Amino acid sequence: MPKVFNVTAVCIPEKHYMVNIEERLKEIKVLVDGENYFTINQARQYGKTTTLRALEKYLKKDYNIIFMDFQTFGSAEFQDENIFSLSFADLFLDLFKNIEMSISEELRKAINELQLQINCRNSFFTLNALFRRLSNICAYSKKPIVLMIDEIDSAIDNQVFVDFLAQLRAYYIKRDTQPTFQSVILAGVYDVKNLKRKFYLEKGHKMNSPWNIAADFKIDMSFSKHEIAGMINQYEMDYHTGMNIDKVACLLYDYTSGYPFLVSRLCKLLDEEVSITSGSKSAAWTENGFYEAVQLILTEKNALFDSLIGKLMSYPELNVMIESLLFTRKNISYNSDEPAIDIAAMFGFIKKQDHMVIIANRIFETRLYNRYLSVAELSGEEYNRCGEKLLAR
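This one's a predicted model, so the numbers in the text were calculated from it and none came from an experiment. (Residues numbered from 1 in each chain as written. Predicted model: local features only at pLDDT ≥ 70, side-chain atom pairs only at ≥ 80, totals over all residues. Heavy atoms only, no water.)

Engineer: Residues and numbers for the overall build of the protein, please.
Structural biologist: Scanning the protein from terminus to terminus reveals 16 helices and 6 strands. Here the C-alpha atoms of the protein give a radius of gyration of 24 Å, agreeing with the 21 Å that 2.2 N^0.38 yields for 393 residues. Dimensions of the protein, computed from the C-alpha atoms along their principal axes, are close to 70 × 55 × 35 Å. By the burial criterion, 49% of the 393 residues in the protein qualify as buried. Sequence-distant contacts, at least 24 apart, represent 71% of the contacts inside the protein between residues at least 6 apart. (Helix = DSSP H or I, 4+ residues; strand = E, 2+ residues; numbered from the N terminus. Rg over C-alpha atoms; globule rule 2.2 N^0.38 Å. Buried < 20%, exposed > 50% of the residue type's maximum accessible area, 1.4 Å probe, protein only. Contact = heavy atoms within 4.5 Å.)

Engineer: Can you break down the confidence of the model for the protein residue by residue, with the values?
Structural biologist: Of the residues in the protein, 92% reach a pLDDT of 70 or more, and the chain-wide mean stands at 91. Low confidence marks residues 203-207, where pLDDT is under 50. Its contacts with residues over four positions away, or in another chain, come to 11 contacts. (pLDDT = per-residue confidence, 0-100.)

Engineer: Before we move on, could you go through the sheet that holds strand 3 (residues 145-150) and cite the residues and values that matter?
Structural biologist: Read from one edge to the other, the open sheet built from 4 strands follows the order 1-4-3-2, with strand pairing classed as parallel. Looking at which strands have only one partner, the edges of the open sheet turn out to be strand 1 (37-41) and strand 2 (64-69). In this sheet, adjacent strand axes meet at a mean angle of 15° when their direction is disregarded. In terms of strand pairing, strand 1 meets strand 4 (residues 183-188) through 5 bridges, oriented parallel. If you follow Ile40 over to strand 4, its bridge partner there is Ala187. (Pairing = 2+ DSSP bridges. Axes fitted to C-alpha atoms, helices over the stretch in contact; angles between N-to-C directions.)

Engineer: Just give me the short version of the state of the cysteines, but keep the residues and values in it.
Structural biologist: Taken as a whole, this structure holds 0 disulfides when the rule is applied. Unpaired in terms of disulfides, Cys11 finds its nearest cysteine sulfur in Cys267, a separation of 11 Å. (Disulfide = S-S within 2.5 Å.)

Engineer: An account of the nonpolar core is needed here, citing residue identities and associated values.
Structural biologist: Formed by 129 residues in total, the largest nonpolar core has its most connected members in Phe92, Phe164, Phe181 and Ile322. In terms of residue count, helix 10 (residues 260-277) provides more of this core than any other element does, 8 residues in total. Not counting the four nearest positions on each side in its chain, Phe164 is found in contact with Phe84, Phe88, Leu127, Phe131, Leu147 and Ile149. (Core = buried A, V, L, I, M, F, W, Y, C linked by side-chain atoms within 4.5 Å.)

Engineer: Run through helix 15 (residues 339-346), naming residues and quoting values.
Structural biologist: Burial analysis of helix 15 places 6 of its 8 residues in the buried class, the great majority of the element. Looking only at helix 15, the buried set comprises Ala340, Ile341, Asp342, Ile343, Ala344 and Met346. A positive backbone phi angle near 90° is found at Gly348, which sits one or two residues after helix 15.

Engineer: Help me get a handle on the pattern of salt bridges, residues and values and all.
Structural biologist: Summed over the entire model, instances satisfying the criterion amount to 12 salt bridges. Measuring nitrogen to oxygen at the nearest pair gives 3.4 Å for the salt bridge that ties Arg53 to Glu56. Of the two residues, Arg53 and Glu56 both sit in helix 2 (residues 48-59), 3 residues apart, roughly one turn of that helix. For Asp271, the salt bridge goes to Lys281, with nearest N and O atoms at 2.6 Å. Taken together, the positions of Asp271 in helix 10 and Lys281 in helix 11 (residues 281-284) put the pair 10 residues apart, joining distant regions of the chain. Assessed through its relative accessible area of 9%, Asp271 is described here as buried. One continuous salt-bridge network, built from bridges that share partners, spans Lys29, Asp33 and Asp62. (Salt bridge = Lys/Arg side-chain N within 4 Å of Asp/Glu carboxyl O.)

Engineer: Which residues make up the packing of aromatic side chains, and what are the values?
Structural biologist: Applying the stated criterion to the full structure yields 35 aromatic pairs. Taken together, a centroid distance of 4.8 Å and an interplanar angle of 40° make the contact between Tyr235 and Trp285 tilted. Note that Tyr235 is positioned in helix 8 (residues 225-239) and Trp285 in the loop between helix 11 and helix 12 (287-299), a separation of 50 residues in sequence. In this structure, Tyr235 and Trp285 share a single accessibility class: buried. Ring-pair connections join several aromatic residues into one group, and the members of that group are Phe70, Phe73, Phe78, Phe84, Phe88, Phe92, Phe96, Phe131, Phe161, Phe164, Tyr171 and Phe181. (Phe/Tyr/Trp six-rings, centres within 6.5 Å; stacked < 30°, edge-to-face > 60°.)

Engineer: I'd love a proper account of the pairing of strand 3, names of residues and values included.
Structural biologist: Taking burial as the measure, the 6 residues of strand 3 include 6 buried ones, the bulk of the element. Alternating positions in strand 3 separate into two faces, Ile145, Leu147 and Ile149 on one and Val146, Met148 and Asp150 on the other, with burial throughout. As judged from the 4 bridges shared by strand 3 and strand 4, these two strands associate in the parallel manner. Bridge pairing in strand 4 links Leu147 to Val184. Chirality of the crossover, the property in question, places the unit of strand 3, helix 6 (residues 159-173) and strand 4 among those that are right-handed. (Right-handed = clockwise from strand over helix to strand, strands pointing away.)

As structure tokens, then:
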């Protein structure tokens, strides 16, 4: 089977055209080596899971990697502290037993103690008890243990998860005297620092942040022009279209600002749809073919755009800011303390450029602009030359 451009779920090097992210993995390993706890929070379909899968392989020589996905935890697992602790312990042991081949007598005893607790369903298993047993396993593990948890968005509106983070924080603080994980990596759209905002908006809770120990994650997850060129060069080696790789890479970057899903989606459209309408793959991978792919992505329905529009409907202050940014062209200073700006950045609508707020990329800008125009047209409104709404006709 030839490789394809992938836009769903995790990318697999043997099956999909991918950018080379080894430099990114090296940067993340520096954080892990430094015993940092941190969050990889990016917008939807930004390559988080693919990066974690690659990181798991990259780190396994030096560390035992426990890679969990909280999407596999249903609402029942977060029902209360006891059920969560049992579910977490059960999954942890399954994963650990598959990677730790050399087990000392002390480690075997620590594993058996946790397994006994799982089997003893009659007693209440607290998070405190869970972490005491995990600490014993960390103490006797042949390699330091790195805990990675993907899709934390499915858990962060739950008090049990907040209490779980508090335990991670407590053990991190006393890691010089109490064995614990080498590093903890959480991945999702919501940064855990935004827990307070999410609780306040959706549940009416107020709380202190349990994740103020987290190191800043400043590694750029977007694709550079060079990385995009490397990916489409793999394709060119397979199909020999004669494309100008540098020019196509520049076009892809200029319209997407390196947003992984948008890059891969445009490539997929060029390969699978534009190549048919234009008559060949050689005709597709040209400037004209690229603009045809842009028109296709601007009018199609996909999960990313559905998510963006859903966020505009869920967060009125976000909707107001994006509409103002598009139509009034007023300069907005980038201030992460402003909720609308922080939310917009978290969901991938905007980015910071020269200390100002701008729409994240040209594809988003055009798609959102068209959306607001359509809404205005359907409501009988129109915009004047300054971008301000006029009264309904």
